[in-house]
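Coordinate inspection notes
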Amino acid sequence: MPKTVLMCPPTFFDVREPKNPHMGLAIDRVLAQHQWENLCGAMRESGLKVEFIDPVQDLDDMVFAANQVFVGEHPSVGKFIVPSRMRYPSRQREVAFYVEWFRRRGYRVIELDLNREYLEGHGDLLWHPDHSRVWAGYGFRSTRGGVERFATAMDKLSFPVVPLGLVDKHCYHLDTCFCPLNEAAVMIYPGAFAAASLDAICSGFKRVHHLSRDEALQFMGNGVAVNGRFITPRLTPNVSHILVKEGLTPFVVDTSEFEKSGGSVFCMKTFID
Ligand code: ARG
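Please read these numbers as outputs of a predicted model, since none were measured by experiment.

Rules behind the numbers
- Residues numbered from 1 in each chain as written.
- Predicted model: local features only at pLDDT ≥ 70, side-chain atom pairs only at ≥ 80, totals over all residues.
- Heavy atoms only, no water.
- Pairing = 2+ DSSP bridges.
- Helix = DSSP H or I, 4+ residues; strand = E, 2+ residues; numbered from the N terminus.
- Contact = heavy atoms within 4.5 Å.
- Axes fitted to C-alpha atoms, helices over the stretch in contact; angles between N-to-C directions.
- Phe/Tyr/Trp six-rings, centres within 6.5 Å; stacked < 30°, edge-to-face > 60°.
- Buried < 20%, exposed > 50% of the residue type's maximum accessible area, 1.4 Å probe, protein only.
- Salt bridge = Lys/Arg side-chain N within 4 Å of Asp/Glu carboxyl O.
- Core = buried A, V, L, I, M, F, W, Y, C linked by side-chain atoms within 4.5 Å.
- Arc of directions from axis to C-beta.

It is worth spelling out the sheet that holds strand β1 (residues 4–7) at this point. Within a sheet, neighbouring strands are paired by backbone hydrogen bonds and run either parallel or antiparallel to one another. Read across the open sheet, the 3 strands follow the order β2-β1-β15; overall the sheet is mixed. With one partner strand each, in any of the chains shown, β2 (49–52) and β15 (270–271) form the two edges of the open sheet. Sitting on the sheet, helix α1 (residues 29–45) is in contact with β1 and β2, with an inclination near 140° to β2. Sheet strands touched by helix α2 (residues 89–104): β1, β2 and β15. Its angle to β1, the strand with the most contacts, is close to 145°.

Time to look at the packing of aromatic side chains. As enumerated under the stated definition, the model contains 14 aromatic pairs in all. Measuring from ring centre to ring centre gives 5.8 Å for W36 and F52, while their planes differ by 55°; the resulting arrangement is tilted. Placement of W36 in helix α1 and of F52 in strand β2 is noted, with a sequence separation of 16 residues between them. Exposure remark for W36: the relative accessible area of 5% places this residue in the buried category. Residue classification places F52 among the partly exposed positions, given a relative accessible area of 37%. Pairing F70 with F80 gives two aromatic rings, centres 6.4 Å apart and planes at 40°, and the pair type is tilted. Here F70, found in strand β3 (residues 69–74), pairs with F80, found in strand β4 (residues 78–83); they are 10 residues apart in sequence, far enough to count as distant.

On to the pattern of salt bridges, then. Counting across every chain of the model gives 15 salt bridges. A salt bridge links R91 to E94; the shortest N-O distance between them is 2.9 Å. With R91 and E94 both in helix α2 and 3 residues apart, the pair spans about one turn of that helix. Taken as a pair, R91 and E94 share a single burial class, namely buried. Between R144 and E148 there is a salt bridge whose closest N-O contact spans 3.0 Å. Within this pair, R144 and its partner E148 are both found in helix α3 (residues 144–155), separated by 4 residues, close to a single helical turn. Via salt bridges that share partners, D14, R16, K19, R29, D60 and D61 belong to a single interconnected network.

All right, on to the nonpolar core then. Counting 54 residues, the largest nonpolar core has M43, F178, F193, I201 and I231 as the members making the most contacts within it. Put simply, the parts of the chain that give this core at least two residues each are β1, α1, β8 (161–165), β9 (178–182), β10 (185–188), β12 (224–226), β13 (229–232) and α6 (237–245). Beyond its immediate stretch of four places on either side in the chain, I231 contacts L39, A42, M43, S46, G223, V224, V226, F251, V253 and V265. Counting 20 residues, the second-largest nonpolar core is a separate cluster that includes W127, M154, F159 and V161.

Turning our attention to the environment of P233. Its location among the elements puts P233 in the loop between β13 and α6. Judged by its relative accessible area of 6%, P233 is buried. In this structure the C-alpha to C-alpha distance between P233 and G223, which are 10 residues apart in sequence, comes to 7.3 Å. If we ignore the near neighbours within four places in the chain, the residues touching P233 are Q218, F219, V252, V253, T255, E259, S264 and V265.

Next up on the list: helix α4 (residues 195–204). When α4 is considered as a whole, its buried residues turn out to be S197, I201 and G204. For α4, the angular spread of the buried residues around the axis is 65°, confining them to a single face. Exposed and oriented more than 90 degrees from the buried face of α4 are A195, A196, D199 and S203. Those residues of α4 that are buried are in contact with β7 (134–138), β8, β9, β10 and β11 (207–210).

Take unusual backbone geometry next. The residue S158 is not glycine, and still its phi comes out positive at about 60°. Residue placement: S158 occurs in the loop between α3 and β8. Residue class for S158 comes out exposed when judged on its relative accessible area of 60%. If you check the backbone angles, N227 has positive phi at about 45° while not being a glycine. With respect to the helices, strands and loops of the structure, N227 is situated in the loop between β12 and β13. By relative accessible area, which is 38% here, N227 ends up partly exposed.

Moving on: the sheet that holds β11. Taken together, the 3 strands give an open sheet; going across it, the order is β9-β10-β11, and neighbouring strands pair in mixed fashion. The sheet terminates laterally at β9 and β11, the two strands that pair on one side only. Strand after strand, the sheet turns through a mean of 25° between neighbouring axes, direction not considered. Running at roughly 155° to β10, α4 makes contact with β9, β10 and β11 of the sheet.

Right under this line is the structure:
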């Protein structure tokens, strides 16, 4: 069970160039700071320890701590990270700051030769809850080639990687439409996936719960299930019902300002153990 998350204060958070279809409206920076602090509180109240990385001026998306590196652990390699290659040049600079944070704490850095491919960390690469394999979205931000190179590296550590083709541009990262709740259950918005990918999801989880497109676009598939809680920006009767079935208690936190940038709860942290 992961115990610690890494988060980045939204000091320099802003919405500038549109990198996904959710981006457009201006943010309220004071409200964003307040919401981010609430989210840290929700993480702590859910039993997680929260660590921080210093925000960097001009890196307006650095608050989305899920994207810059993939974090893992392997019996022979120990704790490791795989640095991302972000699609937008404005986000590429974030990666070095995160890599340095992990390097200083002794994580092994597995650099991939991504060449012209893209790979966007835990935005698209989600561990199965038992860490037996990785679900890997591609199509809008990470590329199929990026996921393939990642899969080759993970194969050496005996971690299978399941590629999932994304087809709805509003669900541009896997974490917007695919939300594992426990080893047996996942919530997905099925319309976000290519047909073969849906089959792969159905064979990987005993219970596949469906979100509507509207629920996915309101980031209910971007929650975090931890220690019997589900931290989510909002609830509908459908999502509440799914949580009851899976024995999870909802913990609602408002993330409206970050949603204007295309991110919510899951995007603003990365599990580091
Ligand atoms: N504005 C950011 C971008 O488009 C949002 C990233 C959200 N992160 C995530 N893991 N989905 O890059």
